[in-house]
Every structure is written in structure tokens, then in C-alpha cells.
Amino acid sequence: MNLSIKHLLGLEGVPRDDIRAILDAAFSFREVLERPIKRVPTLQGKTIVNLFFENSTRTRISFELAEKRLSADAVNFSASSSSLSKGESLKDTVQNLFAMKMDAVVMRHSVPGSVKLLSQFVDAVVINAGDGTHEHPTQALLDMMSLQEKFGSLEGLNVAIIGDIRHSRVALSNIFGLQTMGANVALCGPPTFMPVGIESLGAKIFYDLDEALAFSDAINVLRIQRERQGKGLIPSLREYRAVFGITRERLEKLHKTLTIMHPGPINRGVEIDSDIADSEHSIILHQVLNGVAVRMAVLFLLVGGK
Amino acid sequence: MQIKIIKEELLLRNVVVIDPFKEDTYETDILIENGKIKSIGQPVDPKTVKNSEDLKGLYVSPGFLDLHTHLREPGNEDEETIATGVRAALAGGFTKICCMPNTDPAIDTQEAVRFVYRQAENLLADVFPIAAVTKGRQGAELTEMVELAKAGAVAFSDDGAPLKNSQVMRYALEYSKLTGKPIINHAEDVDLKADGLMNEGLVSTQLGLPGNPALAEELMIYRDLQLAQFTGARLHVPHVSTAGSVELIRKAKAAGVKVTAEATPHHFSLTDEYMRTFDANGKVAPPLRTEADRQAVIAGLKDGVIDAIATDHAPHTIDTKETSLDLASYGMIGLETAFALAMMNLVHAGHLTLLQLIKLLTINPATILSLPLAGLEPGAEANLAIFDPNEWWVFSRKNIYSRSQNTPFIGAELTGRIKGVITKSHYVTL
């Protein structure tokens, strides 16, 4: 199976068949991950560099693990983008690295578009591991995989994304990906967290959390960045929890069970209460395992055939 | 670019003259002698003249005037010098350019104003410095406007630094009345703009890029118009980019406010859709707006709400553009492409006549700053732009005379091309 895309820069515009192929492959790799020996020789001899210009623990480890499970040689480069001098920031660092002949690069950067910029500088497969507030395609893919695992299909599924939509790459990639796969997406959060024009992307907008929960089969709860508080976007975390926090009392008012997702790391007691995050309806830890499988699938399909 | 001194006389045969003064278009021969037009409007026998060029099919107008150019000298000569900026101007048909004071140091003293004139002395375009409104462009203390005007400053602007303090803006407008020259304020509410890198709207949302709302421009223009009305002083609004701004200026003009306005070729040629490329060459201030805004700017140029086309030519080295969007500098070069973009998007698109366009590039900007513009009549200085309004060409790096190459139009197919200029007894051909 060949994908129509050459790089994974985002999910906007990625055709349904490509997403289908990635998810199918991910389920196969998921089986590999259940085996006693969790390693396949698929990408033996391939060199992949993990280029992280922004702090990340989960995503970086997940990619690294995916690369190792596929027997690729993984090289890590971490630097905070602000510590790199202006001008030298991207192009020079990256071209230096690629003079050493890499097959693929997994990149995270704090600025939207920087991953696309990279794909123009280097002759290698480029995979976006999060570019600022733009996209985080592998996160959305692992969310979709987890939903498919739970519900069997994404077609017609009602999924609400709750929290800071404006500053979320997870939200944007999920909106694009879920809609391509036939799911209905709703967004919920305070108006200061809603970007201009978001309604034109085809998602339903709720400012009332109870209405959003009533709409949903599953919810994806976004992390509230504590620093948002100081910028005047929300008055306090306390008020945020009171209005938009996922608590047991709220869920108990519903006459149904909701599947709970969270891209992590969780602010327990802010956007979601501890007991809900750890409850039987939460698939948060499945998401983590599926993350490795989805990243194996993406690497296999984009780098393997090369 | 070829530059020839016109020794004694030169005859341009069979050109179509677009005369913005007389609002007339006609085919004629033009005889130039000792830097002046000797004959225009009647045929001249080429056998009686030593040098003649048959320019059948080409058009001639007064040389263009740009109200808004950044020349980077002194301070950032790696990006542009006054000399290289003048070459770029000539390539674009401009024989007069006004340069902004955001140099290092800023043009905020008489000596700095005189420096610009001195550097341009032997160059082939006239360079008119716009001086800062406040010392060091810091937005606090007024510059010595009267003395600066005496030294040759043609207007006052802190350029990229909006005058945020309303009282400073009020005093600047009031005091500028001693000079008769307008205040040009880069209209942007910097708090509302915050870290916005592109126009706020559907496209910024899809790209996850921080948005700079149209309101940031409109609120500042509204304040400036009110202050201009209150003080009775002259305000010039640079690079109008939103439909709301056009509307505000329209109403202010109707109410008798002494306001003039300009629009740039990039704002009437491109929209925020361009940012889908994530190309930092599209990062400008104010940002590229929506299609509705672009159309409103064109409508404003058509009905006279916007008085002039100005390039906002803003050279930057490539390494400040081949970087992530947050670090990339604002601005694009524009002198070389202005005429072709205007031909394509205004004239060939059916919005303006060629005569209307020529007015927006010549007498209108000259009137705003009371700058002299030679007429198309015997005895007048020969200062002309020569162009083919219909030539199709592909813009490439070799067409750039600026020291910087930051433009999104490399590789663009353009219609309408500058073929040469006559200036200061020189015949420049491209």
C-alpha cells in the first residue's frame, strides 16, 4: 500500500484512503506490540532523526520507540527554538544534519509552518510531530485509532473536543481527520478559546458544556495550559473547572456513558477530575499504546517503501 | 539595465502618451533636448535628429512617484542602500521616491535629512526623505518638524512604529500644521495585534497562526481620523488594507477631514490565502487580508477614497525570511513589480482605465506631498516612464535591482512591463 502523501505535515487535505491505510497498518502493528518480542525488521538500515525544537516527553519517546520497534536507526536532536540564534534557527541546523544522509525527520517546532518549511529544505520524508498551534497529525491519528477500537467505526460518531481550541494543534488535526472519516465534530470552551472562523470548518460550537456532553459519544478533553490564565483569556483555573471541567457530577447527570480521551499530560482537577481520568470509561492509556502503533504505521508507510 | 546619457537630443517616435494633467491619450513623437521636452504632440522628421528610437507600441507617462519606500541607509546597507533602491525604482518606472525614516539612526535630525539628499545627489531618481514624528521613533517627544521641513523632509512618520499614545498623536498633528506637511501613521493597535503574524480569519484558524485582526488597523485609523478632524491637521493613511478602513476614510473625506490614503500593490494583488504556503515573503504589516478586503481596496482606488498607489518597498535579507514565521521580518520589496501588478489587477481586470492608474502613480501622490512633477509639454523637464501595458513576462531574480530579493512574486507571470525611463538627461532601458 502506497500513500498519496509524501510527507505527513498535517491532516488537512489528507485523503480518506490514506488515513484508512494508516489506521489499518496501525492495528497490525498494535498486534506486534502485544507480542513477547516487539520488534520487526521493517526499517532496518533506515536512519531517522527526531528533531525536537520544543520540549516533549511523550511524543518524542513514542516516536523513538516506534522507530526502534521497526529496527530503524534513530538519532535525537533536542534544542529549544528560542535558544537558537535568529537566522541559524532552522535552515542551517537542518541542512547540517541532512548532509549526514538521513532518510526521514520527525520534527516538532513551536511555530506553525516550520515543518512544511523544513520539507522544502531537505530531501527526506518529513513527519510533523507538532508545529506550534497548527497541527499534530499523529496525535489525531492515534485518537481516531482509539475511537475506532472502542466503537468499531468512525462513521457518524459524535466527538466533542473540549478546551482551548484556539491554541490547540490537537484540536485542529482532529477536526480535519475526524471529518474526513465521517465523524461529527463539536467544539466546546469559552469564547476566548475559540478561533475566528472556526464554525466555517464544519464543527458544531457549544458554549454550554452540558449540551456538548449530551451531543457526544466520546469527548477529547484538552489540557489547559496554566500560562493562559495570566494572559486574560480566562479569569482563573477555578472558574474554568466550574464551567468547563469534566467532573463526576456532570457526567452523572447524563443518561449515557461517555468515552473519555485526553492527549495528556493531564491537569488533574482542572480540565478533568482524577477519578474520571482513571475511570473505566477513560481510554487515555489506550491512546498512549496506540500512539506507538500509529507512529510505526506512519513511518512504515512513508519511509518503508522509499 | 542600460543607462545612456542623452547627448544633446533624443527623439522617441510613435509613442502613446498618457497625460494625467490634461487627462489625454494620444500618439506622438517626443523630442528631448538638453534634458527638456522640446517638442511633443506633433510629428518630427527623424532625419533632422541625430538619435532617434522608434517605440511603436510603447506608452509614455510622467515618471512615477512612490510615497512609501524603505531604503535602509544608514544602518542596514546589507539590505538596501539609497543607490540600490534608486536602481530598483528606475526598473519600476519610478523617478521619484520618498524614503521612510526607520533607518538606524532614524531620520529625525536635519543632518540625517541632508544625508539622504547628499547620498542621492548624483543618482538618477529624486529621493525625498520622510522624517520621524518623534525622536528616535520612540513615540514620545516630537522632532523639530519645522527645521526638518526646512532641511527638506516632505512628511512625518514613525513608520513601522504606530503612534500609540493619543496625546502624542494629537500634538504631532497640531504641531505639523506649522509645516503644512501630513503625519503618516502606521495604523495598528499593537495590543490588539499582539503576536499576530497574519490576518485573523478562517485561514489563520486553519493554519494555526496567530491572527492580527482587521480591527487592529481600523480602530487606529478611526482614532487618527477623529484626531485629524479635531485638530484640522493633515493625515495621510499608509497601506490601507481592510474594507472597514476604506469605509472609515470614505466617511471622513465626506465629512471634510483633511485625509489622504495610499494602498500597496501587494494588498490589491494577494490575499491571506497566500499564507497557506507558510512563505515568510507573505509576512507583511499590515497583513495580507481577505478577498473581500482586497476588493474593497480596489473599489477605494477606483472611486478616489484611496488617492495613490505606494509600494511599501521593504527590503530584507534572505536569511531573515528563510526562517520560521515568528522570527521572519515584515515586508516585501515592491518597486520592480508595482506597475505590472497594478496593470494586471486593476487595469486588465477591468477596474481602472490606464489613465486612472497613471494618475494614482503620478499626480495624485505628487499632490499629497506637494512635490513637483514635470508636465508633458515643451519646455518641461523630460522625466518619463516608458512601458508596454500588454507585455507578458515572467518575473525572475534577474529582474530585481534591489539589494534584497524578498518577494513572493519570483516566478509569477505578469502582464505589463516597464521598458525604460527618461530622467536627468539619461535614457535608462531595461
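As a convention, each chain's residues are numbered from 1 in the sequence order in which they are written. Chains carry letters from A onward and ligands carry numbers from 1 onward, assigned in written order. Local features in a predicted model are, by the rule used here, given only for residues with pLDDT of at least 70; side-chain atom pairs are given and counted only at 80 or more, and totals for whole chains, interfaces and linings are based on all residues.

1. Details of the overall build of chain A
Consideration 1: Within chain A, the secondary structure is distributed over 11 helices and nine strands.
Consideration 2: Atoms considered for the radius of gyration are the C-alpha atoms alone. The globule rule reads 2.2 Å times the number of residues to the power 0.38. On C-alpha atoms alone, chain A measures out to a radius of gyration of 19 Å, which is about the 19 Å that the 2.2 N^0.38 rule sets for 306 residues.
Consideration 3: If one aligns the C-alpha atoms of chain A with their principal axes, the spans along those axes are about 55 × 45 × 35 Å.
Consideration 4: Sequence separation of at least 24 residues holds for 74% of the intrachain contacts in chain A that already meet a minimum separation of 6. Secondary structure counts use DSSP, requiring at least four H or I residues in a row for a helix and at least two E residues in a row for a strand, with both numbered from the N terminus. Placing a C-beta atom from the backbone of each residue, one calls two residues in contact when those atoms lie within 7 Å.

2. Side note on the confidence of the model for chain B
Consideration 1: The predictor attaches a confidence to each residue, called pLDDT, with possible values from 0 through 100. With 100% of its residues at a pLDDT of 70 or more, chain B shows a mean pLDDT of 97.
Consideration 2: Of the two predicted TM-score estimates for the complex, the pTM is 0.92 and the ipTM is 0.88.

3. Details of the environment of B:S204
Residue and element names in this part refer to chain B.
Consideration 1: The residue S204 is located in helix α6 (residues 202-207) in this model.
Consideration 2: You can call S204 buried: it has 25 C-beta atoms within 10 Å.
Consideration 3: Here the alpha-carbon distance between S204 and L373, two residues 169 residues apart in the chain, equals 43 Å.
Consideration 4: Aside from chain neighbours lying at most four places away, what touches S204 is M198, N199, L209 and G211. Counts of 20 or more other C-beta atoms within 10 Å of a residue's own C-beta define buried residues, counts of 12 or fewer define exposed ones, and intermediate counts define partly exposed ones; C-beta atoms are placed from the backbone.

4. Some remarks on the environment of B:L123
All names here are of chain B.
Consideration 1: With respect to the helices and strands, L123 occurs in the loop between α2 (110-120) and β9 (126-129).
Consideration 2: Under the C-beta neighbour-count criterion, L123 is labelled partly exposed, with 17 such atoms within 10 Å.
Consideration 3: Put simply, L123 and V86 are 37 residues apart on the chain and 7.2 Å apart in space, counted from C-alpha to C-alpha.

5. Focus: unusual backbone geometry
All names here are of chain B.
Consideration 1: Residues D104 and P105 are joined by a peptide bond in cis, for which omega reads 5 degrees.
Consideration 2: One non-glycine residue, N14, lies in the positive phi region at around 60 degrees.
Consideration 3: On the neighbour-count criterion, N14 (15 C-beta atoms within 10 Å) is partly exposed.
Consideration 4: Of note in the backbone geometry, D312 takes a positive phi value of approximately 50 degrees without being a glycine.

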